[in-house]
Amino acid sequence: MQGLMQDQPLLISSLIEFAERHHGDAEIVSRRVEGDIHRTTWRDVAARSRQVANALDQEQLLFSDRVATLAWNGYRHLELYYGVSSSGRVLHTINPRLHPDQIAWIANHAEDQILCFDLSFLPLVQAVQSKCPTVRKWIALCDADKLPADSGVPNLVSYETWMGEHSSSYDWPSFDENSASSMCYTSGTTGNPKGALYSHRSTMLHTYASAMPDVMAMSARDSVLPVVPMFHVNAWGIPYSAALVGAKLVFPGPWLDGKSVFELIESEKVSFAAGVPTVWQMMLAHMQGNDLKFSTLKRTVIGGSACPPAMINAFQYQYGVEVLHAWGMTEMSPLGTLCTLKNKHLTQSQDQQMAIRMKQGRGIFGVEMKIVDAEGKKMPWDGKASGDLLVTGPWVVKEYFKGEADPLVRDEQGRGWFPTGDVATIDADGYLQITDRSKDVIKSGGEWISSIDAENIAVAHPAVAMAACIGVAHSKWDERPIVVVVKKPGAEVSREELLAFYEGKTAKWQIPDDVVFAESIPIGATGKILKARLREQLRDYKLPGL
Ligand code: ADP
């Protein structure tokens, strides 16, 4: 017997319709490429996304055709999020920090037909346009009078000219909720990038889940600043969840330095922000250097790579901002876990609470997790056993766009699990702790050493700005950890002092064998340390005494 409830597809268009009807006057504030502040509302974004849809019809773009963006966080990008997906096309957000050859490779693989870009990326577009034969129109996200003359880019038009002449009436079509809505390529740190193709259904379920109280807990009272880019897994879903709850949205554009982000948080009374640790590092340094305090910020989601305890401490106890440590990946839309305390933790000491906050958090309803050993056998949730992490759920990929091999691992019931490539423990309360990427794990004398732990200790030292721990070959132990360290400007610490700093904070055999001081550490397109490149840079390094 079937249930007797209405069968309505879950479509992204319903979000923008809801936002327009129920909180049309909530503000969308953007710092533009030009540096000025632009203000609009959900109502106007809804109207202009319908103009975008009409413009796409005029271009004769078919259902599921791809429209790409190379763009910062801003209102025009938001209009494309809704106009492209709601009309049945697929929004392909490209990470502009990738190498131009990779960008061309991705645009060709996705067969993008139109590419919209912020003017800061004009040189990038000039470099790749001749290598992107499927792109038939290039749209600069600017006013008509800002369109550069003689750019050398064929079929270039300003966004305002392109969509501005169209009507803002449009009836959003209804279609299968499993249709593709948007896509995002993994950063390709190993091999070619792979395309995660999200559907309307997966996006809508992820949107509902991400707004829950123990997830992002967003509401119509929030002013939300996604520092995480809209080209990095849909800014962790915030452009959708903000529409669902009616939050004010604040976009930083390209202005991501500590001073600009701090000023925007203050001037727009931001209550909730989201970003990767490297961005917050810059902002905290700015605040500490200038003796600044937040007046409105209450919560921040930090994820994308492990948030060092020193950062959690600074936000939580120095500035009174609750840190929601989160873990996820492109293949997971991206949310997997998020760290909030349970009722029983509220009476615990600050140290006990910190021990929990450092973990990546509990699985969000909708994502199932398991850790397995080398034979694929399930390992216990005891907070000690560490194994390969696999996940399954309605917003987890089942295959890659035009992918060849089936990426899933089947269990005895035939259920497909996605191998995350992460190594983790899960404790009895369900809190996940990532110890490493499987390829970054350091194996010393048959035991695993967590590079994340070693990095967290180093960055807790007041003289250390950044640290990366890698394994180097060792004749007796196979591998031993060393830590590569960038010092804060003007700060001093010696190798011996830093190694002494580890004592008592971790088991003796897990203390790195050496410290290598460096001017910088290579960072990838999504703000993560590129360990493969670091290992390459240190290929001639020899451990002392060997
Ligand atoms: P890519 O996989 O393309 O590098 P993603 O943004 O999808 O880019 O990265 C996902 C990976 O980032 C995860 O598999 C994990 O290794 C790492 N990661 C994400 N969040 C955290 C976190 N809070 N702590 C530790 N690692 C994290």
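None of these values were measured; they are calculated from a predicted model. (Residues numbered from 1 in each chain as written. Predicted model: local features only at pLDDT ≥ 70, side-chain atom pairs only at ≥ 80, totals over all residues. Heavy atoms only, no water.)

### Points about the overall build of the chain
Of the regular secondary structure elements, the chain holds 16 helices and 26 strands. Radius of gyration (C-alpha) of the chain: 24 Å, near the 24 Å computed for a compact globule of 546 residues. Projected onto the principal axes, the alpha-carbon positions of the chain cover approximately 70 × 65 × 50 Å. Split into buried and exposed, the 546 residues of the chain put 59% on the buried side. Taken as a whole, the chain presents about 23,100 Å² of accessible surface, with 50% of it coming from carbon and sulfur. Side chains of the chain give 53 positive and 63 negative charges; the mean places of these two sets differ by 3 Å. (Helix = DSSP H or I, 4+ residues; strand = E, 2+ residues; numbered from the N terminus. Rg over C-alpha atoms; globule rule 2.2 N^0.38 Å. Buried < 20%, exposed > 50% of the residue type's maximum accessible area, 1.4 Å probe, protein only. Areas by Shrake-Rupley, 256 points an atom, 1.4 Å probe, with all protein chains shown as cover. Lys, Arg positive; Asp, Glu negative; His and termini not counted. Charge placed at Lys NZ, Arg CZ, Asp CG, Glu CD.)

### Focus: the packing of helix 2 (residues 42–58) against helix 3 (residues 75–86)
It is at 8 Å that the axes of helix 2 and helix 3 come closest, and there the two elements cross at 60°. One way to sum up the angle between helix 2 and helix 3 is to call them oblique. Our pair here, helix 2 against helix 3, has a crossing hand that is right-handed. Where helix 2 approaches helix 3, its residues Trp42, Val45, Arg48, Ser49, Val52, Ala53 and Leu56 are matched on the opposing element by Tyr75, Arg76, Leu78, Glu79, Leu80, Tyr82, Gly83 and Val84. Across the contact of helix 2 with helix 3, the residue classes tally to 10 nonpolar, 2 polar and 3 charged. (Axes fitted to C-alpha atoms, helices over the stretch in contact; angles between N-to-C directions. Parallel < 35°, antiparallel > 145°, perpendicular 65-115°, else oblique. Left-handed = near helix turned anticlockwise from the far one by under 90°. Contact = heavy atoms within 4.5 Å. Nonpolar A, V, L, I, M, F, W, Y, C, P; charged D, E, K, R; others polar.)

### Considering the nonpolar core
Core analysis: the largest hydrophobic core is formed by 142 residues, its most contacted members being Trp42, Tyr82, Trp138, Trp162, Trp280, Phe294 and Phe315. Looking at which element gives the most residues to this core, the answer is helix 2, with 7 residues. Setting aside its immediate chain neighbours within four residues, tryptophan 138 contacts Leu115, Phe117, Val125, Val128, Gln129, Cys132, Val153, Pro154, Asn155, Leu156 and Val157. Listed in part, the 20 residues of the second largest apolar core include Cys469, Val483, Ala491 and Tyr502. (Core = buried A, V, L, I, M, F, W, Y, C linked by side-chain atoms within 4.5 Å.)

### Digging into the site of the ligand
Taken together, 16 residues lie around the ligand, and Ala326, Thr330, Asp422, Arg437 and Lys528 are the ones closest in. Here glycine 304 contributes a backbone N or O atom positioned 3.1 Å from a nitrogen atom of the ligand. One of the backbone N or O atoms of threonine 330 is found 2.6 Å from an oxygen atom in the ligand. Coverage of the ligand by the protein chains reaches 94% of its 570 Å² of free accessible surface. Counting residues per element, the shell around the ligand draws most heavily on strand 14 (residues 322–328), which supplies 4 residues. Residue classes in the shell around the ligand are distributed as 4 nonpolar, 9 polar and 3 charged. (Near = heavy atom within 4 Å. Polar contact = N/O pair within 3.5 Å; in protein donor to acceptor, adjacent residues only side chain to side chain.)

### Observations concerning the sheet that holds strand 7 (residues 156–158)
If you trace the 7 strands from one edge of the open sheet to the other, you get 7-6-5-3-4-8-9, paired in mixed fashion. Either end of the sheet is taken by a strand with one partner, and the two such strands are strand 7 and strand 9 (195–199). The mean angle between the axes of side-by-side strands here comes to 25°, regardless of whether they run parallel or antiparallel. Both strand 3 (residues 66–70) and strand 4 (residues 90–93) contribute to a ladder of 4 bridges, which runs parallel. Note on strand 4: the bridge partner recorded for arginine 66 is valine 90. Helix 7 (residues 200–210) rests against strand 8 (180–185) and strand 9 of the sheet, and its axis sits at about 75° to strand 9. (Pairing = 2+ DSSP bridges.)

### A word on unusual backbone geometry
Working note: non-glycine residues mostly have negative phi, and peptide bonds are mostly trans. Along the chain, serine 333 connects to proline 334 via a cis peptide bond; the corresponding omega equals 5°. Relative to the helices and strands, proline 334 resides in the loop between strand 14 and strand 15 (335–338). At asparagine 234, a position not held by glycine, the phi torsion is positive, near 50°. Among the structural elements, asparagine 234 can be located in helix 8 (residues 233–236). Take asparagine 234: its relative accessible area is 3%, and that puts it in the buried class.

### Considering the packing of helix 3 against helix 9 (residues 238–245)
Following both chains from N to C, one finds helix 3 and helix 9 inclined at 80°, their axes separated by 11 Å at the closest point. Compared by their axis directions, helix 3 and helix 9 come out roughly perpendicular. When helix 3 is examined against helix 9, the residues Leu78, Tyr81 and Tyr82 are found in contact with a partner set consisting of Pro239, Tyr240 and Ala243. Taken together, the residues of the contact of helix 3 with helix 9 sort by class into 6 nonpolar, no polar and no charged.

### A short note on the environment of leucine 61
Counting through the fold element by element, leucine 61 comes out in the loop between helix 2 and strand 3. Counting along the chain gives 27 residues from leucine 61 to glycine 88, while the straight-line C-alpha distance between them is 9.6 Å. Here leucine 61 is in contact with Leu56, Val67, Arg89, Gln113, Ile114 and Arg136, once residues within four sequence places are set aside.

### Details of helix 7
The element helix 7 is largely enclosed, with a buried count of 8 among its 11 residues. Buried within helix 7 are the following residues: His200, Ser202, Thr203, Met204, His206, Thr207, Ala209 and Ser210.

### Some thoughts on the pairing of strand 1 (residues 27–31)
The buried fraction of strand 1 is high, at 4 of 5 residues. In this sheet, strand 2 (residues 37–41) lies alongside strand 1 in antiparallel orientation, the contact comprising 5 bridges. Each bridged residue has a counterpart across the sheet, and for serine 30 the counterpart in strand 2 is histidine 38. Counting the residues between successive antiparallel strands, the hairpin from strand 1 to strand 2 contains 5 residues, one of them, glycine 35, with a positive phi of roughly 105°. When strand 1 meets strand 11 (residues 248–251), the two strands line up parallel, connected through 3 bridges. Its bridge partner lying in strand 11, serine 30 is registered against phenylalanine 251.

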